[in-house]
Each structure stands twice: as C-alpha cells, then as structure tokens.
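Architecture and fold: a report
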Amino acid sequence: MFRHMSRGAQSWSDAMTAAALFAVDPLGTGGICVRAGPGPVRDGWLAVLRSCFPSAVSFRKLPPAISDERLLGGLDLAATLHARRPVVQRGLLADADGGVLLAVMAERLSSATVAHLIAAIDRRQIDLERDGMSRRSPSRFGLVAFDEGLDDERASAALSDRLAFQLDLQSLSRPDVTSEEYDVDNVIAARRRLPRVDVEADAVEALCHAAGSLGIASLRAPLLALRVAVAAAAFDDDEIVRRDHLELAARLVLSPRATALPASPEQDAEMSRDQDPETIDDRQDPEVPIEDLVLEAAKAAIPPNLFKQLQGGSLQRPRTMRAGKQGLSKAGPRRGRAIGVRRGEFGAGNQLNLLETLRAAAPWQPLRRAGEAGSVARLLIRKEDFRIKRFKQRSASSTIFVVDASGSSALQRLAEVKGAVELLLADCYIRRDEVALIAFRGRTAQLILPPTRSLTRVRRSLAALAGGGGTPLAAAIDSATTLAVAVRNKGQSPLVVLMTDGRANVARDGCGGRAGAEIEAYEAARQFCVTGIPAVVVDTSPRPQPQAEKIAAEMKARYVALPYADATRLSRVVQANMAVG
C-alpha cells in the first residue's frame, strides 16, 4: 500500500498512525515530538490527535517561559493570606495528570523546565518541596512537544529521547492533509486489550537488532518501539505482536533516530564467506528472519535527507543551541532576563520581589502571631523573608581582527580579512556583536576600526588600508590586549583573531632586528595569556611556520594553519571559536 503513496501522503499517514497509537498508550509511548511551525498542517494533525482521545481527556498547554511555581505548584498567596494558614495550589504537571501536555516552542524550554518534565515522565509523579511545604502528587501524562526551531535549533535531546515518535511535518503542504479521523471507540477498546497483548522473545531481539544496526545508542529506543508494537497489536485486536506490528514500530520509532546505515547485502555476503562453512549451512533458512524484515522496514522509512547524510557518512546530530546567544552569560542585580529570586537584603540596587517576599513570610504567620499576641498587623514580615530578584544577561561578543599587513602578500591577506569581516557582520546584525580591526606594519600597530557593527564603516576602513613594511608583532599583540581588556571591561565578550606568519622583525621601539623582535613578541604573548581572553592565531604563510605556532602556545590560543584561507573558511573558523568561547 505504501509503495503507491507519495512521500507527503506517506508522511501524513505515519503522522496519523502515530497519533492513534499514542492515544492507545500515552504513558507507555511517552509522547510525540513534532517538528513543525504553526500552520494548517500542524493544526490539522492536532485535530486528528484530539479526535483520538475521549472528550474527558484534558489538553493543557505548556508555555516555554513557564515559572517553576506554575509548573510544580506552590503556595497560593491570596488564599493563604485570606485563610491565615498555608494553602497549597497545584502546578501544571499535577493538573495534567491523566491528560495530554502540549509544549509549544519546545526548543525554547529552559534547562530547569526540561529537567522537571523529564523527572515527571520518568517517575510519573512530582515531589513539591518549597515554601516550607512537602507534597507528592501523581503526574501521569502524555507529552506532545512542538519543535519550532530554525536550522539546527532543536528541542532538548534528553526530552526527545523519552518520546517514542519523532515526526517532521515541515515538508508537508495543505494538499497532503486529509480530514480523516479515528473512531475514539476503537481507541478505548484498544486500551482495554493492551494488558493482554503478548510479546515473543524473538520480537524483542528483532527490535534490538534493528536499533543496533541503525547506530541507535539509546536503550530507550527499542523499549519505546516495543510499546508501540504492543499498542498496534491492541489496536488491530490481536493478542500477540505480529511481524507487521514490529515493522510499523521500527518505521515510526527507529528510523528517525538512525545514525548509521546497516551493512549492505554485499557486505553481509563477504562477511559470510569469511565465516566457517558449517556455520553458514546451519543458518540457511528459506524463510527471511524476522530481524531482517524489521531492519528493512526501518531502513526503507529513513527520511531522504537523513538517508543522504548517512550514505555520505556526514551525519552530525544537531546540538541543542540557540541562535544569537553566543556571548557569555553573567548574573546581574538590575538588568537582563529574570531567572528567579534569592534571599537577601533590600537596597544597594537590589530589586525586591514583593510576591515572593510575601510568599516566604506567609507560612510563618501563625508562629509569629503566637509570639506577638498584642500585634495588630495583618502580616508580620521579618528581614529573612526578603527575596531579591535575580537576572541574567548575555553579553555581546566583539571579534578583534589583528592583521599582519606587512610584506608582499599583505594585499592578499587583507582581501581575505575584508571578506571574512563582511560575512561575520551579517550575523552580527542579528546577534548584536561587533568587530574591530587592528593592522600592523612598518614600525607600529594601528587601530583601523574600533568595535562597530556598521558594514559601511568597515568597507570604507578596509578600502583605505595599505600594506608593506616590517612586522611589529609585539606592538600588535600589545594593542590587541589593550583593546580586548577595554572591551571586556565594558561587559562584552572579546575574541582576538591574530593573522600572521609569526616572523617578527620590528621591536616595540620601532628598531629592526629579528632576534629582539621575536623575544618581545613572545613576552607580549605571555602578557596576553594572563588576561584569559580567548584567541585564535591564524597562520597565513604559504608554509606553516613554527614561530606562529609558538606565539599561539604562549598566548594559549588556538592555532589554525590556513595558508590559502579564503573569506568563507576564515569566517567559519572564527564562528566556531566564538561558539566555543
């Protein structure tokens, strides 16, 4: 049936099947990670999912910026003040018990929220320990995580690993969406049959064999595939898991997780020839083994883009990262994104969180009133109740290019730097990063371009830059150190990119002499190392020089030999080091 379907129709059919099987066993399968932005395709699939559940099942939305108090529960301040005793309110995870949790923009969930979700999925309960209260509540829910990330921005890998289904609806269009709905009575009947479904040992071995052949390292993958196969058998009113159920589970669960292609038949035959002939005779069986059927089903369902990467051996699972936030994060008392509260004193620039202060004082009111019988105050607040807001902000990054403009090849290097700076500026407009340029030639180093994001200014400054003369490398490193420290003192994250062959021949005082100039260059590099500022030394000579590598070692910088670097390669090197730094 599937061979006559288009790719879009096949993907939509699998998405609807995943929705039905998730409705049969929402706790066993964990949930679904849906990579799709808002639109008619996602809305259509969500309508199918809702139709699979009884009307009594609640669907609750989990916003990406949810607070721990709303997620886990805590003290109901208004009710506590009214009742004059601690009143606990339930959190979203407790309210979602027995229902479905919809996590929109899952790629933007904070690490703390992801940790709470994972704990609730693993333990199926939450333990509330805060505000002087202790409570344990059941939290059994199925999770649907909508991944709306761009490019390599993804939802948490730890969270996705706990969800059986990973759907990608980005390639689907409106014509691929059908309005077919499942009969909820069939889903309810399948739930009743679920405990009676039996699984044979060779079925478990087949799923484990397929997971291993596809390079899936997580042990949860075959376990989740088994739960999906059992749900499929219950949905088909079978009391035992059959081969087609295993093939379906392999296609839906294992294929999206593949990191390697299984061995080809030619490779298997070659391996068989190397084995003992008696062993080969024992394995000859006219019937195709079940593990081969399951593996072929999983292999046939690998997405085309993933299959191409696997064939080329270039698959790199994307990291969970967030574009535009490559600068260092630092805590601050006044500005940035709120990250919680802490106990502290009010004043000295600290911002008081009034609600959290009242929440900290509320549980102690009965004891305090008992100690102050004559007090007429409605609320007794002590100094230890004060809660101060905490903020975190990411500093902007500044890339300082230090370019060797001496010698006959200076013009070529400057052209490369110009192209790299312009490429970096395209991203700087988004990340609010800056670039600066220091050129050194003749007797000294000169700050050509202070930190800026102006593309026009960069082009104008680079066009006027001339080349030729000696190599005052020590003066260049000194200038880079001074500028980098100034940038860091402004609260930004500097990165120094030194492009040179390392062959210094001009000392700090402007006098020539290779031996003295190199000694001073190494001294300047060691002084730079004390600052702890990250740096990259790009060796641009036609043949990599030991002097440049030694300069990098003294600076504790990364050494990159790019004798024929173009602007694109140089830009990639800088961006990679900015991400690391």
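Computed from a prediction, not measured in an experiment: that's the story for all the values here.

Scoring rules and cut-offs
- Residues numbered from 1 in each chain as written.
- Predicted model: local features only at pLDDT ≥ 70, side-chain atom pairs only at ≥ 80, totals over all residues.
- Heavy atoms only, no water.
- Helix = DSSP H or I, 4+ residues; strand = E, 2+ residues; numbered from the N terminus.
- Buried < 20%, exposed > 50% of the residue type's maximum accessible area, 1.4 Å probe, protein only.
- Contact = heavy atoms within 4.5 Å.
- Phe/Tyr/Trp six-rings, centres within 6.5 Å; stacked < 30°, edge-to-face > 60°.
- Lys NZ or Arg CZ within 6 Å of the ring centre and 35° of its normal.
- Axes fitted to C-alpha atoms, helices over the stretch in contact; angles between N-to-C directions.
- Parallel < 35°, antiparallel > 145°, perpendicular 65-115°, else oblique.
- Left-handed = near helix turned anticlockwise from the far one by under 90°.
- Nonpolar A, V, L, I, M, F, W, Y, C, P; charged D, E, K, R; others polar.
- Pairing = 2+ DSSP bridges.
- Core = buried A, V, L, I, M, F, W, Y, C linked by side-chain atoms within 4.5 Å.
- pLDDT = per-residue confidence, 0-100.
- 1 Å grid on protein atoms, 1.4 Å probe; cavity = no way out; pocket = protein on both sides within 12 Å on 5 of 7 lines; lining within 4 Å.
- Points joined across faces, edges and corners; volume = space filled by probe spheres on them.
- Patch = residues over 30% accessible without salt bridge, like charges linked within 9 Å, V, L, I, M, F, W, Y side chains within 5 Å.
- Areas by Shrake-Rupley, 256 points an atom, 1.4 Å probe, with all protein chains shown as cover.
- Salt bridge = Lys/Arg side-chain N within 4 Å of Asp/Glu carboxyl O.
- Lys, Arg positive; Asp, Glu negative; His and termini not counted.
- Charge placed at Lys NZ, Arg CZ, Asp CG, Glu CD.

**Looking at the overall build of the protein chain**
Regarding its fold elements, the protein chain presents 24 helices and 18 strands. Within the protein chain, the fraction of its 581 residues that count as buried is 46%. In the protein chain, 76% of the contacts between residues at least 6 apart in sequence involve partners at least 24 apart.

**Comments concerning the packing of aromatic side chains**
Tallied over the full model, the rule gives three aromatic pairs. Arranged with centres 5.8 Å apart and planes meeting at 65°, the rings of F22 and F53 form a pair that is edge-to-face. With a gap of 31 residues between them, F22 in helix α1 (residues 7-24) and F53 in the loop between α3 (40-52) and β2 (59-62) connect regions that are remote in the sequence. For the residue pair F22 and F53, the accessibility class agrees, reading buried in each case. Put simply, the rings of F22, F53 and F59 pair up and form one aromatic cluster. Above the face of the F59 ring, R50 is positioned so that its terminal group lies 4.7 Å from the ring centre.

**Side note on the packing of helix α21 (residues 473-489) against helix α22 (residues 514-531)**
The geometry of α21 relative to α22 is characterised by a closest axis approach of 8 Å and an angle of 15° between their N-to-C directions. Considering their axes alone, α21 and α22 lie roughly parallel with respect to each other. In the crossing of α21 with α22, the sense of the turn from one axis to the other is left-handed. Taking contact as the criterion, the partners of L473, A474, I477, D478, T481, V485 and R488 in α21 are, on α22, E520, A521, A524, A525, Q527, F528 and T531. Looking at the contact of α21 with α22 residue by residue, the classes come out as eight nonpolar, three polar and three charged.

**Here's the deal with the sheet that holds strand β18 (residues 558-561)**
With mixed pairing, the six strands of this open sheet are ordered in space as β15-β14-β13-β16-β17-β18. Since the sheet does not close on itself, it has two edges, and those belong to β15 (444-452) and β18, each with one partner. Neighbour-to-neighbour, the strand axes of the sheet open up by a mean angle of 15°, direction not taken into account. Bridging between strand β16 (residues 493-500) and strand β17 (residues 535-539) involves five bridges; their strand directions are parallel. Its bridge partner being in β17, V497 is matched across the sheet by V536. Its contacts with the sheet place α21 against β13 (397-404), β14 (434-441), β15 and β16, and it is angled at close to 165° to β16.

**Structural notes on the nonpolar core**
In terms of nonpolar packing, the biggest core is built from 68 residues, with W45 and L254 touching the most fellow members. It is helix α11 (residues 220-235) that provides the largest number of residues to this core, a total of eleven residues. With residues up to four places along the chain from it excluded, the contact list for L254 reads L207, A210, A211, L214, I216, A221, P222, A225 and A249.

**Focus on the confidence of the model for the protein chain**
Here the protein chain averages 80 in pLDDT, while 79% of its residues score no lower than 70. Contacts for the low-pLDDT stretch residues 318-326, under 50 throughout, to residues beyond four places or in other chains number 20 contacts.

**Here's the deal with empty space enclosed by the protein**
A complete count under the given rule lists one cavity of 30 Å³ or more for this structure. As a volume, the largest cavity reaches approximately 60 Å³. Lining the largest cavity are L72, G73, V88, Q89, R90, G91, A94, I126, D127, L128, R135 and S137. Looking at the lining of the largest cavity, the elements with two or more residues in it are β4 (88-90), β6 (125-130) and β7 (133-138). Residues that form the lining of the largest cavity fall into these classes: five nonpolar, four polar and three charged.

**Focus: a negative patch on the surface**
A grouping of D198, E200, D202, E205, E291, D292 and E296 is seen on the molecular surface, where their side chains present a negatively charged patch. Elements represented by at least two residues in the negative patch include exactly α10 (201-213) and α15 (290-300). At three residues, α15 tops the list of elements feeding residues into the negative patch. Tracing the backbone through its elements, the reader meets D202 in helix α10. The partly exposed category is assigned to D202, whose relative accessible area is 34%.

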